[in-house]
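Structure assessment
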Amino acid sequence: MDLGDLSTVLVVGATTAYAIGFVAFAIDLAHLADRVGRPAARRVHDASVAAASVVGGARAAGGARAAGGDILVEAPADVVPRRKAVGIAMATTTLGLAFHGVGLLLRGLAAGRVPWANMYEFTAVGTFVAVATFLVLTRWRDVRFLGTIVVGLVVVALGLALTVFYVAAEGVQPALQSYWLVIHVFIATTATGLLTVSFAASALQLLKDSREQGMARSARPDADADAARPSRLAGPRWRALDALPAPRELEALSFRITAVGFVLWTFTVMAGAIWAEHAWGRYWGWDPKEVWSFVVWVVYAAYLHARTTAGWSGRRAAWFVLVGYATVIANFTLVNLFFSGLHAYSGL
Amino acid sequence: MPQDRVDEMALEEATTPTLPQLGAVGALRWVWRQLTSMRVALMLLMLLAVVAVPGSVLPQRPQDPADVATYLADNPGLGVWLDRLGLFDVYASVWFSAVYLLLFVSLIGCIVPRIALHGRALRARPPRAPRRFDRFGVRDQAVVEAPATEVVAVATRALAGPLRALPRFRVDTGLEDSGALTLSAERGYLRESGNIVFHLALVGLLVAIATGQMLHYRGQAIVVEGRGFANAVTDYDTFVGGTAFAPGSLVPFTVGLDRFTAEFTAEARPVDFAAEVTVREPGGQARPAVIRVNHPLSVGGVKVYLQGNGYAPDVVVRDAAGEVAFAGAVPFLPQDAVYTSRGVIKVPDVSTGDQIGIVGFLLPTAVVTPAGAASVHPQPDAPLLVLTVWRGDLGLDTGVPQNVYELDVTGMEQVVGADGTPTTIVVEPGQTVDLPGGLGTLTWQGTPRFVALDLRHDPALGAILGFALAVLAGLTVSLFTPRRRIWLRLTENDGRTVVDSAALARGDDLGLAGELERVMDAIRARPGEDRSGDGPR
């Protein structure tokens, strides 16, 4: 077994660990919902503060920092009984990340270059960044509820990478022999990882918002008009959503991550243009990859504008994140696999 | 923070729900308001994303004219309509241009008033302290022994930071009717500055790109080992100049190709390409240089890129009379990863009989099987030429320019064997073979390599890079600069000073509480402090 094979084994191990983590995150979310459903279990010091930040949030973090002379009181997130499932989820996900990291390192050593030069490797690095971002975020805020979506997406992506995109580790063709491979591709992959997390936050924001609106509708006295078409999200099946922070907090979380992702994407496009100038003799040539990178940039730019436009912030802006992420995925899959262009580096 | 939201939205022009008194001026003003509104900008952005997509789905003329031709041939009915709508050159089409130009007009219409607004904001004082602090989420109180004036000095220092030229907070003091001293501080003006820089840099970027398009030129040249070319319009195989390009501006340098080396793995994956050249600039010494993929050569304001390579078999063709009718290296264009290369040798200058056209393939590492010959590796380990011969009129005298890599067979007929199938000749290096039909002989003398060089001059590159960096810097500053306001109210009581404070941020701001804490800590750190008023509310 050489280094390349060992790397693959580790990535398979990471995928397995993530899969276990995903299941545990899902169980945790279901349990959380049960607990939220039983008011008796909601033992917190101050109900008004708890309502503002059920699972922590901006103030909670601020409060935790000012531990000596609290400016704000925080409702400790774990006053509720210990969440065993989420502990398992976090542990296995962290273990998976360790496997994943070592796997990438060995892959780089086996190929004698940075481990991001074909689709299998882009996926492996992008998912690594997504999980790492998620785990770093959990140190900063309790966003473990994002685990189900983020780790779930990562399991699917890694599964695809190992089965469909996989190629053996080897060197790269002359067009890729540039330090821009290190910079441009790494930043692009990192941005994709970040945008995956912000996608998860925005998707949850929309679901949560729909549930709240649906419940508010059915709680109204004149609910019989709406009863004809009851919102499915307001039903008990989706009560896991009750455990999530308010849509406004999810929106803020998504925005922060998207903002970083957008800046990195801007850098990606620029670095790509500089590299194209070096390698192909033009900085911009409307190659399919360039077209879609442009589309991604424009959609996220539209999102940033939507947030500050009357009547477009909140729900509507969140849809832009969903559309934006769809274009990111299209840029990665459709363009690499089906469109002919200069970015034909899938290795497939 | 509702009022902050409103601040942000003040940027958006309110569109009047009732139609204005319609006159030409009124209508124009209404259109202008619409165009510069955020909502229309948003729609134009989404529209820009949508109209960019067809260019990645359909073949595009500037990138791949051959694919467009194939598409038109395959879809005769639909293709014509797509062509009329400009879908084979999306990024130069009227509708694509209309969207981005409208977007830029909207951008300018939006950003210019904001510059004026921001200029005023930069000179304005921070907003006065609100009467009541209890509506703010982040607030604190301290009671200190120091007199109020001293506290103000300490707080101002803590808020403004060490840099006088670029204070962290802008601080203003006031005196209320009750006798209480107030202090208002605001930071985050750079946010809007960054925003304006970002948008102006985008305009600059567009202008720089357009300028580059007008002044640029690019040309392609195929150069065989041992030969060279001069930077002159006539020496290029293809040449495109911008509308404002003057042919006299070409610097007459020459580039000679001394050697080209290519390295491949056993699986035919390319590892390295290097073109060793000699460059002569006017009035300068000849100097050697190496051009690699990703490492263009800079000479005379031009960048020279290595875009392709292949083999150019050096052949001598003698006609039926034994006279040399053609001698030279003929580039054969690689068709696949193992460099199965196709080429045409046109022999018009025969001393007797028909003109000759020779078409065929060069196989760098040929493996001959009963099914035919094929190349298995791009290196010339066992090269073979497999050719068929045409005779007749090459059509070179008609004056219509011809593609040197294609044979126009309208006036020609293929030389066939007794069974009626085309006669194929197979040549090894150094061999001389008879051409079928008694047309003469062909000698393969050697196999020099050729490189396809792409030369490009764009004087706007520096400006484009500069504006792009400004875009990135402006964007980063505008997204990550926090906007915060801090107010202090100081009331003297019993010889002690009670300091009430409140902080407000735009949007969700994790660092707000920490910022207030920092200022209050500085105030409390004065001698004679009293922590009795310290603590959470």
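Let me begin by describing the structure that accompanies this report. (Residues numbered from 1 in each chain as written. Chains lettered and ligands numbered in written order. Predicted model: local features only at pLDDT ≥ 70, side-chain atom pairs only at ≥ 80, totals over all residues. Heavy atoms only, no water.)

Comments concerning the overall build of chain A
Cut-off, in case you're wondering: A run of DSSP states H or I qualifies as a helix once it reaches four residues; a run of E qualifies as a strand once it reaches two. Both are numbered from the N-terminal end. By the convention used here, residues are in contact when the closest approach between their heavy atoms is within 4.5 Å. Residue exposure ignores everything except the shown protein chains as possible cover, and the areas themselves are Shrake-Rupley values with a 1.4 Å probe.
Scanning chain A from N- to C-terminus turns up 12 helices and 0 strands. Ordered by position in the sequence, the α and β elements of chain A form the string α-α-α-α-α-α-α-α-α-α-α-α. The long-range share in chain A, meaning contacts at least 24 apart out of those at least 6 apart in sequence, stands at 82%. As presented, chain A carries roughly 14,200 Å² of accessible surface, and 67% of it is formed by carbon and sulfur atoms.

A few points about the environment of Arg61(B)
Residues and elements named next belong to chain B. Applicable threshold: Summary of the burial criterion: residues with accessible area below 20% of their type's maximum are buried, those above 50% are exposed, and those between are partly exposed, where the area comes from a 1.4 Å probe applied to protein chains only.
Within the fold, Arg-61 resides in the loop between helix H4 (54-57) and helix H5 (65-74). Judged by relative accessible area, Arg-61 falls into the partly exposed class, the value being 34%. Separated by 174 residues in sequence, Arg-61 and Asp-235 have C-alpha atoms that sit 24 Å apart. With sequence-adjacent residues up to four places away left out, Arg-61 is seen in contact with Val-68, Leu-72, Asp-83 and Phe-88.

Points about the packing of aromatic side chains
What counts is decided by this rule: Two aromatic rings, drawn from Phe, Tyr or Trp (for Trp, its six-membered ring), form a pair once their centres lie within 6.5 Å of each other, and the interplanar angle then sorts them: stacked below 30 degrees, edge-to-face above 60, tilted otherwise. Two conditions define a charge sitting above a ring: the NZ of Lys or the CZ of Arg must be within 6 Å of the ring centre, and it must be within 35 degrees of the ring normal.
Enumeration according to the criterion identifies 27 aromatic pairs over all chains in this entry. An angle of 20° between the planes, with centres 4.5 Å apart, marks the rings of Phe199(A) and Tyr325(A) as stacked. Placement of Phe199(A) in helix H7 (residues 179-219) and of Tyr325(A) in helix H11 (residues 315-332) is noted, with a sequence separation of 126 residues between them. The pair formed by Phe199(A) and Tyr325(A) is uniform in burial state, with each residue classed as buried. For the pair Trp312(A) and Phe320(A), a centre-to-centre distance of 6.0 Å together with 65° between the ring planes defines the contact as edge-to-face. A residue is classified by how much of its surface remains accessible, and Phe320(A), at 7% relative accessible area, is buried. In textbook terms, an aromatic cluster arises when at least three aromatic residues are bridged by ring pairs, as seen for Trp284(A), Trp286(A), Phe294(A), Tyr91(B), Phe96(B) and Tyr100(B). Geometry around Trp312(A) places Arg316(A) over its ring, the cationic atom sitting 4.6 Å from the centre. When the ring centre of Trp81(B) is taken as origin, the NZ or CZ atom of Arg84(B), which lies over that ring, is 4.7 Å away.

A closer look at the pairing of strand S13 (residues 324-329) of chain B
All names here are of chain B. The condition that has to hold: One requirement defines pairing of two strands: DSSP has to find at least two bridges between them.
Note that strand S12 (residues 314-319) and S13 share 5 bridges and pair antiparallel. Residue Asp-314 lies in a different strand from S13, and its bridge partner there is Ala-329. Here S12 folds back onto S13 in antiparallel fashion, the turn holding 4 residues, of which Gly-322 has a positive phi close to 85°.

Some remarks on a nonpolar patch on the surface
All names here are of chain A. To keep it simple, the criterion reads: Exposure above 30% relative accessible area and the lack of any salt bridge qualify a residue for a patch; like charges then connect within 9 Å, and the nonpolar side chains Val, Leu, Ile, Met, Phe, Trp and Tyr within 5 Å. Any Lys or Arg side-chain nitrogen located within 4 Å of an Asp or Glu carboxyl oxygen qualifies as a salt bridge.
A surface patch of nonpolar side chains, about 440 Å² in accessible area, is lined by Leu-3, Leu-6, Val-9, Leu-105 and Leu-109. Counting only elements with at least two residues in the nonpolar patch, the list comes to helix H1 (3-37) and helix H4 (84-111). Per-element tally for the nonpolar patch: the top contributor is H1, with 3 residues. Looking at where Leu-109 falls in the secondary structure, it is placed in helix H4. A relative accessible area of 56% means that Leu-109 is categorised as exposed.

Concerning the environment of Thr243(B)
All names here are of chain B. Note on placement: Thr-243 falls in the loop between strand S6 (238-241) and strand S7 (254-264). Overall, the relative accessible area of 74% leaves Thr-243 in the exposed class. Linking Thr-243 and Leu-215, residues 28 residues apart in sequence, is a C-alpha distance of 6.9 Å. Every residue in contact with Thr-243, bar those within four places of it in the chain, is listed here: Gln-213 and Met-214.

What about the interface of chain A and chain B?
A common way to state how big an interface is: give the accessible area lost once the parts meet. So the rule is basically this: Note on definitions: buried area is the accessible-area loss of two parts on being combined, 1.4 Å probe, summed for both. Side-chain atoms alone can form a polar contact between residues adjacent in sequence; in general such a contact is a pair of N or O atoms within 3.5 Å, and within protein one must be able to donate a hydrogen while the other accepts it. Residues are sorted three ways: Asp, Glu, Lys and Arg are charged, Ala, Val, Leu, Ile, Met, Phe, Trp, Tyr, Cys and Pro are nonpolar, and all the rest, Gly among them, are polar.
With 61 residues of chain A at the contact, the number on the chain B side is 62 residues. Roughly 5,400 Å² is buried in total at the junction of chain A and chain B, and carbon and sulfur atoms are behind 66% of that figure. Here chain A and chain B share 1 salt bridge between them. The partner of Glu277(A) in a salt bridge is Lys303(B), with the nearest N and O atoms 3.6 Å apart. Remark: the boundary between chain A and chain B carries 6 residue pairs in polar contact (both at pLDDT 80 or more). If you list the elements that add at least two residues to the side of chain A that touches chain B, you get helix H3 (58-65), helix H9 (247-279), helix H10 (288-307) and H11 of chain A. Examining the composition of the side of chain A that touches chain B, we find that 16 residues originate from one element, H9(A), more than from any other. When the residues that make up the side of chain A that touches chain B are grouped by side-chain class, the tally is 41 nonpolar, 11 polar and 9 charged.

Comments concerning the packing of H10(A) against H11(A)
Relative orientation and spacing of two packed helices are given, respectively, by the angle between their axes and the distance between those axes. Residues and elements named next belong to chain A. Where we set the bar: As a rule, the C-alpha atoms of each element are fitted with a line to give its axis, helices using only the stretch in contact, and angles between N-to-C directions run from 0 to 180 degrees. Any angle from 65 to 115 degrees is called roughly perpendicular, while one under 35 is roughly parallel, one over 145 is roughly antiparallel, and all others are oblique.
Interhelical geometry of H10 versus H11 gives an angle of 170° and a closest axis separation of 9 Å. With respect to H11, the element H10 is oriented roughly antiparallel. Contacts between H10 and H11 involve Lys-289, Trp-292, Ser-293, Val-295, Val-296, Val-299, Tyr-300, Ala-302, Tyr-303, Ala-306 and Arg-307 on the former and, on the latter, Ala-317, Phe-320, Val-321, Val-323, Gly-324, Tyr-325, Thr-327, Val-328, Ala-330, Asn-331 and Phe-332. In the contact of H10 with H11, the residues fall into 16 nonpolar, 4 polar and 2 charged.

As for the packing of H9(A) against H10(A)
All names here are of chain A. The line we're drawing: Rotating anticlockwise by less than a right angle from the far helix to the near helix defines a left-handed crossing, while the corresponding clockwise rotation defines a right-handed one.
It is the contact of H9 with H10, at a shortest axis distance of 10 Å, that shows an interaxial angle of 145°. Relative to H10, H9 is oriented so that their crossing is left-handed. Along its contact with H9, which presents Glu-251, Ser-254, Phe-255, Thr-258, Phe-262, Trp-265, Thr-266, Val-269 and Ala-276, the element H10 presents Glu-290, Ser-293, Val-296, Trp-297, Tyr-300, Ala-301, Tyr-303, Leu-304 and Arg-307. Taken together, the residues of the contact of H9 with H10 break down into 11 nonpolar, 4 polar and 3 charged.

Focus: the pattern of salt bridges
Charged atoms that come close allow side chains of opposite charge to pair. Residue and element names in this part refer to chain B. Within this structure, the stated rule accounts for 29 salt bridges over all chains. A salt bridge links Asp-140 to Arg-524; the nearest nitrogen and oxygen atoms lie 2.9 Å apart. With Asp-140 in strand S1 (residues 138-144) and Arg-524 in helix H11 (residues 512-524), the pair connects residues that are 384 residues apart, well separated along the chain. Per residue, the accessibility class of Asp-140 equals that of Arg-524, and both read buried. Between Arg-485 and Glu-186 there is a salt bridge, and its shortest N-O distance comes to 2.9 Å. You can see Arg-485 sitting in strand S25 (residues 484-493) and its partner Glu-186 sitting in strand S3 (residues 181-187), a full 299 residues away along the chain. Taken individually, Arg-485 and Glu-186 each receive the classification buried, so the pair is uniform in this respect. One network of salt bridges, in which partners are shared, links Arg-168, Arg-187, Arg-484, Glu-515 and Arg-518.

Comments concerning the side chain of Thr123(A)
All names here are of chain A. Secondary-structure assignment places Thr-123 in helix H5 (residues 119-140). Among the residues examined, Thr-123 registers a relative accessible area of 7% and is labelled buried. Here Thr-123 is in contact with Ala-157, Ala-161, Phe-165 and Phe-332, once residues within four sequence places are set aside.

So, the sheet that holds S13(B)
All names here are of chain B. The 4 strands lie next to each other as S13-S12-S23-S22, forming an open sheet whose pairing is antiparallel. Only two strands of the sheet have a single partner each, and these edge strands are S13 and strand S22 (432-435). The mean angle between the axes of side-by-side strands here comes to 20°, regardless of whether they run parallel or antiparallel. The pairing of S12 with strand S23 (residues 440-446) spans 6 bridges and is antiparallel. Note that in S23 the partner of Asp-319 across the bridge is Gly-440.

Focus: the nonpolar core
As a reminder, the rule being used: Nonpolar cores were defined as sets of buried Ala, Val, Leu, Ile, Met, Phe, Trp, Tyr and Cys residues, with membership established by side-chain atoms within 4.5 Å.
Phe262(A), Trp297(A), Phe96(B) and Leu479(B) are the most contacted members of the largest nonpolar core, which totals 76 residues. Those elements that place two or more of their residues in this core are H7, H9, H10 and H11 of chain A together with helix H3 (38-52), helix H7 (94-123), helix H9 (189-215) and helix H10 (461-480) of chain B. The element best represented in this core is H10(A), accounting for 14 residues. Setting aside residues up to four positions removed in sequence, Trp297(A) forms contacts with Phe262(A), Trp265(A), Thr266(A), Phe198(B) and Leu202(B). Residues Val143(A), Ala201(A), Leu244(A) and Leu250(A) belong to the second largest nonpolar core, which totals 59 residues.

Purely geometric stuff here, so don't read any function into it on its own.
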